[in-house]
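Letter by letter, the chains look like this.
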Amino acid sequence: MKKTLAFIIALAMVFCLSLAVADGDRVTATGKGQGIDGDVVVKIEADQNKIYSVEVVEQNETPGIGSVAVEKLPDAIVEANSLLVDSISGATVTSVAITTAVREALTSAGLDPAAFENEIAAPEAPAEKENVTLDCDIVIVGAGGAGLTAAVRANQEGAKVLVLEKMAMVGGNSLKASGGMNCAGTKFQEAQGITDSGVQEFIEDTMNGGHQMNDLALVTTMAENSAAAVEWLESIGAPLPKVAATGGTTHKYLHSPEDGSPVGSYLVAKLNEQAQKQGIEIMLNTTATEIRMQDGAAVGVKAEDAVHEYTINAKAVILASGGFGSNFELMTSFNPSLANAVTTNHPGATGDGILMAEAVGAATVDMDQIQLHPTVYQATSMLVSEKMRSLGAILVNQEGKRFTNDLSTRDAVSAAELEQTGGYAYIIFDQNLVDHNKSAKEYIEKGMAASGETYEDLAKNMGLEGDAVAAFVSTMETWNKAVADGNDAEFGRNNGMDDDLSTAPFYAIQIAPGIHHTMGGVKIDTNTEVINTKGEVIPGLYAAGEVTGGVHGGNRIGGNAVCDFVVFGRIAGQQAAAYATQ
Ligand code: ADP
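This structure is a prediction, so every number in the text was calculated from the model and none was measured.

A word on the packing of aromatic side chains
- One pass over the full model with this rule turns up 7 aromatic pairs.
- An aromatic cluster is built from Y455, F472 and F506, whose rings are joined through pairwise contacts.
- The side chain of R26 reaches across the aromatic face of Y52, ending 3.6 Å from its centre.
- The positively charged end of K50 is found above the aromatic ring belonging to Y52, 5.9 Å away from the centroid.

Topic: the domain arrangement of the chain
- Domain boundaries in the chain define domain 1 (25-116), domain 2 (150-369 + 519-532 + 540-545 + 553-580) and domain 3 (371-514).
- Placing the centre of domain 1 and that of domain 3 at their C-alpha centroids yields a distance of 37 Å.

A look at unusual backbone geometry
- Between A504 and the following residue, P505, the backbone shows a cis peptide bond with an omega angle of -5 degrees.
- Tracing the sequence through the fold places P505 in the loop between helix 16 (467-485) and strand 21 (506-518).
- Notably, N285 is not glycine yet its phi reads approximately 55 degrees, a positive angle.
- Structurally, N285 is set in the loop between strand 10 (281-283) and strand 11 (287-294).
- With phi around 65 degrees, T528 is a residue other than glycine that occupies positive phi space.

Structural notes on the packing of helix 4 (residues 145-156) against helix 8 (residues 263-277)
- The N-to-C vectors of helix 4 and helix 8 enclose an angle of 35 degrees; their axes lie 9 Å apart at closest approach. Regarding helix 4 and helix 8, the two cross each other, and that crossing is left-handed. Contact residues: helix 4 offers G145, L148, T149 and V152, while helix 8 offers V268, L271, N272, Q274 and A275.
- Broken down by class, the residue content of the contact of helix 4 with helix 8 amounts to 5 nonpolar, 4 polar and no charged.

Let's talk about the site of the ligand
- Contacts to the ligand come from 27 residues, most closely from A146, E165, S174, D352 and E546.
- In the model, an oxygen atom of the ligand is placed 2.6 Å from a nitrogen or oxygen of the E165 side chain.
- Note that an oxygen atom of the ligand is positioned 2.9 Å from one of the backbone N or O atoms of N173.
- Look at the ligand: alone it shows 580 Å² of surface, and the protein chains cover 98% of it.
- Where the shell around the ligand is concerned, the elements lending two or more residues are helix 4, strand 11 and helix 10 (352-359).
- Of the residues assigned to the shell around the ligand, the class counts are 9 nonpolar, 14 polar and 4 charged.

Analysis parameters
- Residues numbered from 1 in each chain as written.
- Predicted model: local features only at pLDDT ≥ 70, side-chain atom pairs only at ≥ 80, totals over all residues.
- Heavy atoms only, no water.
- Phe/Tyr/Trp six-rings, centres within 6.5 Å; stacked < 30°, edge-to-face > 60°.
- Lys NZ or Arg CZ within 6 Å of the ring centre and 35° of its normal.
- Domains from an automatic or database assignment.
- Helix = DSSP H or I, 4+ residues; strand = E, 2+ residues; numbered from the N terminus.
- Axes fitted to C-alpha atoms, helices over the stretch in contact; angles between N-to-C directions.
- Left-handed = near helix turned anticlockwise from the far one by under 90°.
- Contact = heavy atoms within 4.5 Å.
- Nonpolar A, V, L, I, M, F, W, Y, C, P; charged D, E, K, R; others polar.
- Near = heavy atom within 4 Å.
- Polar contact = N/O pair within 3.5 Å; in protein donor to acceptor, adjacent residues only side chain to side chain.
- Areas by Shrake-Rupley, 256 points an atom, 1.4 Å probe, with all protein chains shown as cover.

Written out as structure tokens, the structure reads:
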């Protein structure tokens, strides 16, 4: 009886499937692949020989990164009639999710994905690229946080701006900033009764965090202009009203979006939107290769894309091309011990702007100061935000014990971690923190965290053994008491202690240090003018953001990269516009 039933069901399934395939040979089907934040679901229409359409019907990918793959890859698959299309650079996870989903859809429709795995011939490179000359007031190299800020600001001053971005998307490393923006003396701090986080304290914390190697004039400029910068962001529709503490600071400076979103993707999306509103042209997939000079002044750049060589004439050039945390050759020339480290940087962080500036005589500072971030999930190089510790998370080692002030400066915490068994640690948090932080939810959804309903369960699920389990339970109890007393007698932590870690379930992510920020770069003055090796200004050449050195000294404090790019991006935009339109 059972066998007959199974036979009838199998027959029915074959009948349905053949119906699907036989319907004029074209079928529609859906499939899914694992994206950055949940499933990416596609709907396809295809037959044995051709994929007629691919539509992404469900996705929650990062705006500005994964969304670029969502926008571009379906058409690329249809056009090439192949699953072997190139991933969108910088959005590999989403690209793979889309091709996986198409594969699944083909299979579920009874089609063979192998029929769509023909190699795609590389587009024939033109024998000679077409030469194109473009004119503008200001050309900006890089469309990360600094470049977009400078573009919007310069255009507000009436300058005609052209932005070049070598990647297929805007955002650079800025897009990955997960914490917030440090600012001092803001109305948001005032509204929350934070009166002890003034400009002077911000300068001191930044200088101490950077081991006093920072350029004090630049730090002072950043701190003094930070409140105006955060108000300017509000004026373009990007308010950062929430305030918390960050690693290495005595007070609360870290400003972030109301809804707990990561600051980088939020700001890049808002700045990009504003740039579009103002009609600013951003040329994607276009790499600046050289700064053009005339009579000692910068007068444009040379650039290229797949089929063009551009000569861009401009009255001023702003370098906003970011750091070099993805250029291992350059990094290891300053610090060979980094050869095997993972990096949190996007693939475009190759230091082009620094090299181009050096070629026209610019001085550089602190090139050997390369920051390791202490909480990087090693399997995917994903950064676990410092904000997690600001909101109360702690670090424990394999023995179930805390080992340092978890919110000390990044270099100090990284060094302490490397001394622990295996050179790694765990970041511990609870459900209350997850309820207030979107990134924490994302880490859990991505399967990065172990969890447990009790401290003991969590310890076991983390893989702690023997005495370490009891030690972990005791560590958590001691920590919750320290929070209640407002006194961390063990390690002297003095911030990020508003909430204890007592709401089950509890979570742990195994982390270790990874390359994060290159503090060194092009030397600038407080007007963002680039300085040459003789200590003189190079007329017409400005730089802002991670391409510059001096702001962060020997160690950048969390939240200062965003402050750096907004404050100095604004100054660069304003100064270059004044120079270009004089
Ligand atoms: P910042 O925080 O200083 O803005 P980001 O890393 O966010 O730094 O942004 C720098 C941007 O500059 C990135 O999007 C990167 O791809 C882009 N970039 C780097 N080199 C070049 C180049 N040679 N031409 C055009 N864009 C570049």
